[in-house]
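Residues per chain are reported as follows:
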Amino acid sequence: MTKPTASMSLSHAIIRVTNLRLRTFIGFNPEEQQKQQDVVINMEIHYPADKSFQTDNVVDALNYKTITKKVIQHVEEGRFKLLEKLVADLLAIAGEHPSVTLARVTVDKPHALRFADSVSLTLESRRADKEA
């Protein structure tokens with residue numbers, strides 16, 4: 001397998017968690033507060049991967065399993081009136097590691113509207129002291 005050379009510049013690694021399907025209490029209507037609903041979560045997390053690809057050591061990489069476990073716990077144990085609050089919370093979890101330069105989270109709420117497949121909200125955060 002070809003290794004990157006010194007002249008080859010590697011930018012950021014991008015981790016994508018796609019269509020994480022969970023259930024939570026989401027909404028402000030009485031029926032929404034009594035019955036869990038499906039949510040579909042997509043996350044994109046950017047971080048520099050230069051050390052991890054050189055060492056092939058797990059301690060040098062961003063652990064997406066740890067992040068995903070925190071997301072699952074937060075969603076399944078939480079109650080949210082607004083999609084904005086849920087997405088902002090998940091964005092904070094996705095971006096809490098100091099090496100993350102950009103995080104983007106989209107949460108879909110399937111069947112939120114009668115004639116639509118889903119309603120979704122996306123938020124992103126870029127670390128001010130790093131480039132993404």
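An account of the accompanying structure is given in this report. (Residues numbered from 1 in each chain as written. Predicted model: local features only at pLDDT ≥ 70, side-chain atom pairs only at ≥ 80, totals over all residues. Heavy atoms only, no water.)

Let us now look at the packing of helix α3 (residues 64-77) against helix α4 (residues 83-94). Across the interface, α3 lies against α4 with an axial gap of 9 Å and an inter-helix angle of 155°. In terms of orientation, α3 lies roughly antiparallel with respect to α4. Our pair here, α3 against α4, has a crossing hand that is right-handed. Contacts between α3 and α4 involve Ile 67, Lys 70, Val 71, His 74 and Val 75 from the former and Leu 86, Asp 89, Leu 90, Ile 93 and Ala 94 from the latter. Here the residues of the contact of α3 with α4 are counted per class, giving seven nonpolar, one polar and two charged. (Axes fitted to C-alpha atoms, helices over the stretch in contact; angles between N-to-C directions. Helix = DSSP H or I, 4+ residues; strand = E, 2+ residues; numbered from the N terminus. Parallel < 35°, antiparallel > 145°, perpendicular 65-115°, else oblique. Left-handed = near helix turned anticlockwise from the far one by under 90°. Contact = heavy atoms within 4.5 Å. Nonpolar A, V, L, I, M, F, W, Y, C, P; charged D, E, K, R; others polar.)

For the rest of this paragraph, the subject is the nonpolar core. Nonpolar side chains in soluble globular proteins generally cluster together in the buried interior. Counting residues in hydrophobic clusters, the biggest one holds 28 residues, and the most contacted among them are Ile 41, Leu 90, Val 105 and Val 107. Within the residue set of this core, elements represented by two or more residues are β1 (12-26), β2 (37-48), α3, α4 and β4 (102-110). Residue contacts for Val 107: discarding those within four places in its chain leaves Val 39, Val 40, Ile 41, Leu 83, Leu 86, Val 87, Leu 90, Val 119, Ser 120 and Leu 121. (Core = buried A, V, L, I, M, F, W, Y, C linked by side-chain atoms within 4.5 Å. Buried < 20%, exposed > 50% of the residue type's maximum accessible area, 1.4 Å probe, protein only.)

Given two aromatic rings, one states the distance between the centres and the angle between the planes to describe the pair. Scanning all chains against the criterion turns up zero aromatic pairs. Sitting above the plane of the Phe 25 ring, Arg 79 keeps its charged end 3.7 Å from the centroid. (Phe/Tyr/Trp six-rings, centres within 6.5 Å; stacked < 30°, edge-to-face > 60°. Lys NZ or Arg CZ within 6 Å of the ring centre and 35° of its normal.)

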